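# Architecture at a glance
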Amino acid sequence: DQQVKQNSPSLSVQEGRISILNCDYTNSMFDYFLWYKKYPAEGPTFLISISSIKDKNEDGRFTVFLNKSAKHLSLHIVPSQPGDSAVYFCAASADDQGGSEKLVFGKGTKLTVNP
Amino acid sequence: EPEVTQTPSHQVTQMGQEVILRCVPISNHLYFYWYRQILGQKVEFLVSFYNNEISEKSEIFDDQFSVERPDGSNFTLKIRSTKLEDSAMYFCASRKDRNQPQHFGDGTRLSIL
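Because the structure is predicted, anything quoted here is derived from the model rather than measured.

## Brief notes about a nonpolar patch on the surface
All names here are of chain A. A contiguous nonpolar patch, built from Ile18, Ile20 and Val78 and spanning about 220 Å² of accessible area, is present on the exposed surface. Tracing the backbone shows isoleucine 20 in strand β3 (residues 19-25). Taking relative accessible area as the criterion, isoleucine 20 reaches 37% and is therefore assigned partly exposed.

In structure tokens form, the structure reads like this:
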């Protein structure tokens, strides 16, 4: 059951350059998408989200793009900093009458930003 | 900034014993969740809780699992008779409203011997 896929287990970029993390999904009922960052021994930390009615959301150095027709979203980090080195999870939820809106996670991409 | 807190950070238990994992969600949040992550695998949903009842549970959440919100602040996950395969990181999360992000605690590492 891979409703949310992150096909790149790892990504390495130079400090100051752009990091692009990708995520694909298969469930057309998903209408809310999130990116989380996780350091070892900590829980996922919310970064940025996007609703399916938008195609872009920006917050400082982080921008999320959503392409609904391709069922694809991406996270851009510009400029990348060494402190951004972490595992990044893509997650999605579907609006449901019960109000659960449980998150379905990808496997994560480990980002390393080299000084 | 308010955060979700979980205790203990690490729990070691003998197989067959009961274990209770505790969470204090963010105070004005209304929706509560438990997830788990087995080593090397995805974070997977266990159960959601709203308005003092379970709103959804996964196939993993069988009769050995239960959740409770005994007072206005705590949210607990109980595993009645633990199995080796219950060893995982357990994360509690909460959110304020619909289409709002879930915020996670730092997790409890459960080790079943």
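## Focus on the sheet that holds strand β6 (residues 56-59) of chain A
The sheet built from five strands is open, its strands ordered β1-β3-β8-β7-β6 (chain A) with antiparallel pairing. Each edge of the sheet is formed by a strand with only one pairing partner; in this case those strands are β1 (4-5) and β6 of chain A.

## Regarding the environment of A:Ala92
Residues and elements named next belong to chain A. When you line up the elements, alanine 92 lands in strand β9 (residues 86-93). Between the alpha carbons of alanine 92 and serine 12 there is a distance of 25 Å; along the sequence they are 80 residues apart. In this view, alanine 92 contacts Val4, Phe30, Tyr32, Phe33, Lys102, Leu103 and Val104; residues no more than four positions away in its chain are not counted.

What counts as what
- Residues numbered from 1 in each chain as written.
- Chains lettered and ligands numbered in written order.
- Predicted model: local features only at pLDDT ≥ 70, side-chain atom pairs only at ≥ 80, totals over all residues.
- Heavy atoms only, no water.
- Patch = residues over 30% accessible without salt bridge, like charges linked within 9 Å, V, L, I, M, F, W, Y side chains within 5 Å.
- Areas by Shrake-Rupley, 256 points an atom, 1.4 Å probe, with all protein chains shown as cover.
- Salt bridge = Lys/Arg side-chain N within 4 Å of Asp/Glu carboxyl O.
- Helix = DSSP H or I, 4+ residues; strand = E, 2+ residues; numbered from the N terminus.
- Buried < 20%, exposed > 50% of the residue type's maximum accessible area, 1.4 Å probe, protein only.
- Pairing = 2+ DSSP bridges.
- Contact = heavy atoms within 4.5 Å.

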